[in-house]
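# Breakdown of the fold
Next come the chains, spelled out residue by residue.
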Amino acid sequence: MQEILNGFSVALTMQNLSYCFLGCLWGTMVGVLPGIGPLAGTAILIPLTFKLEPTGAIIMLAAIYYGSQYGGTITTILMGVPGEASSAITMIDGHQMAKQGRGGLALTGAALGSFIGGTFATICLMLFAKPAVKLALKLGPPEYFSLMIVGLSMATGLAGKSMLKAIIMTIFGASLALIGLDPVVGTPRLTFDIVDLLMGVDLLPVVMGLFGMSEVLLSLDDTARPMI
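Quantities reported herein were computed from a predicted structural model and do not represent experimental measurements.

### Quick word on the state of the cysteines
Under the definition given, this model contains 0 disulfides. We note that Cys20 lacks a disulfide partner, and the nearest cysteine sulfur, in Cys24, lies 4.4 Å from it. With relative accessibility at 31%, the residue Cys20 sits in the partly exposed group.

Structural data, given as C-alpha cells:
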C-alpha cells in the first residue's frame, strides 16, 4: 500500500495531470482518424514526449493510448466505421443509437463504461499481477489449446441464431489467422508466394472492411433508392 500511495502522490501532481489531459486530447484527435488505431497513434505522437522527464513521458504516452482508443469509438458510433478492432462490438448497438438521434448518449455510455472497466482492470492488475504471472508461467501448449477452443466455442455460441453461419465465420476467421509465417517452424502458411502476406492479415483492415464497407454500400443503396 505504501508503494501504491507513493505512486498516486506522483501521478496526481498538477504537472502530471496536465500531461495526462494533453495526452488524452491529442490521442482522441488522432484516434478519430479511421485505420490508425491506438498503437499507430501512440507511435506517431511519441516525439511529443522526447523533452519530458521519464514519469511524465510515460503518463502522457498512456494517456495518448487511452485517448486513441476512445477516438476510435467516436467514428465507430457516429459513422459505423470501426477506428480499431476492439470497437467493432461497440458499433453493433452504438451506431444504431446514433441513427436514432442518440449518438451523444452512446458516446457517453462508451466513455463511462471504458472508464469504469479500465479502473477496475487497473485495480485487479495491482492486486493480482504477481500470482497471475506465476500462473502464466505454468501454462503450456495443452492449456493454450484449451483456451483457444473455449474462445472459439464462445464466439460461435454467442454469434446469433444461425449456428451454421456462426461456425462458417469462425472457421473463416481461423483460416485468416493461419496466413503468414508459422511462429514455431517459421515456414510460410497460405501465402501463395505473396510477400505481403508473410506478416499475416491484420485484424484492423479486416474489421474495417467488413463493417465499414458494408455501411458504405448500405448508404449508397438508400441514396439510390427512389423516393416514394
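### Topic: the confidence of the model for the chain
On average, residues of the chain score 78 in pLDDT, and 85% of them reach the 70 mark or higher. Here helix 9 (residues 203–224) stands out as the least confident element of the chain, with mean pLDDT 67; helix 2 (residues 14–31) is the most confident, with 85.

### Observations regarding unusual backbone geometry
Even without a glycine there, the phi angle at Leu190 is positive, about 55°. With respect to the element layout, Leu190 can be found in the loop between strand 2 (188–189) and helix 9.

### Quick look at the packing of helix 7 (residues 141–157) against helix 8 (residues 163–177)
Packed helices, taken two at a time, are described by the angle their axes make and the gap between the axes. Packing of helix 7 against helix 8 leaves a shortest axis separation of 8 Å and a crossing angle of 140°. By the criterion of interaxial angle, the relationship of helix 7 to helix 8 is oblique. Every pair of crossing elements has a handedness; the one defined by helix 7 and helix 8 is right-handed. Listed contacts from helix 8 to Leu152, Thr156 and Gly157 of helix 7 are Met163, Ala166, Ile167 and Thr170. Partitioning the contact of helix 7 with helix 8 into residue classes produces 4 nonpolar, 3 polar and no charged.

### Some points on the layout of surface pockets
In this structure, the second largest pocket occupies an estimated 1000 Å³ of space. Lining the second largest pocket are 27 residues, with Ala11, Cys20, Ile59, Ala62 and Thr122 positioned closest to its centre. Mapped onto the lining of the second largest pocket, the elements with two or more residues apiece are helix 1 (2–11), helix 2, helix 4 (54–79) and helix 6 (103–137). At 9 residues, the largest contribution of residues to the lining of the second largest pocket is made by helix 4.

### Considering the environment of Thr49
With respect to the helices and strands, Thr49 occurs in the loop between helix 3 (37–44) and helix 4. In this structure the C-alpha to C-alpha distance between Thr49 and Gly23, which are 26 residues apart in sequence, comes to 9.7 Å.

### Quick notes on the side chain of Asn16
Looking at the secondary structure, you find Asn16 in helix 2. Judged by relative accessible area, which is 4%, Asn16 ranks as buried. Among the polar contacts listed, one links the side chain of Asn16 to the backbone oxygen of Val10, at a separation of 2.6 Å. Setting aside residues no more than four positions away along its own chain, Asn16 makes contact with Val10, Ala11, Glu53, Thr55, Gly56 and Ile59.

### Things to note about the packing of helix 2 against helix 4
Across the interface, helix 2 lies against helix 4 with an axial gap of 6 Å and an inter-helix angle of 35°. In terms of crossing hand, the pair formed by helix 2 and helix 4 is right-handed. Between helix 2 and helix 4, the contacting residues are Asn16, Tyr19, Cys20, Leu22, Gly23, Cys24, Trp26, Gly27, Thr28 and Gly31 on the first element and Thr55, Gly56, Ile59, Met60, Ala63, Ile64, Gly67, Ser68, Tyr70, Gly71, Gly72 and Ile74 on the second. In the contact of helix 2 with helix 4, the residues fall into 11 nonpolar, 11 polar and no charged.

Reading the values: rules and limits
- Residues numbered from 1 in each chain as written.
- Predicted model: local features only at pLDDT ≥ 70, side-chain atom pairs only at ≥ 80, totals over all residues.
- Heavy atoms only, no water.
- Disulfide = S-S within 2.5 Å.
- Buried < 20%, exposed > 50% of the residue type's maximum accessible area, 1.4 Å probe, protein only.
- pLDDT = per-residue confidence, 0-100.
- Helix = DSSP H or I, 4+ residues; strand = E, 2+ residues; numbered from the N terminus.
- Axes fitted to C-alpha atoms, helices over the stretch in contact; angles between N-to-C directions.
- Parallel < 35°, antiparallel > 145°, perpendicular 65-115°, else oblique.
- Left-handed = near helix turned anticlockwise from the far one by under 90°.
- Contact = heavy atoms within 4.5 Å.
- Nonpolar A, V, L, I, M, F, W, Y, C, P; charged D, E, K, R; others polar.
- 1 Å grid on protein atoms, 1.4 Å probe; cavity = no way out; pocket = protein on both sides within 12 Å on 5 of 7 lines; lining within 4 Å.
- Points joined across faces, edges and corners; volume = space filled by probe spheres on them.
- Polar contact = N/O pair within 3.5 Å; in protein donor to acceptor, adjacent residues only side chain to side chain.

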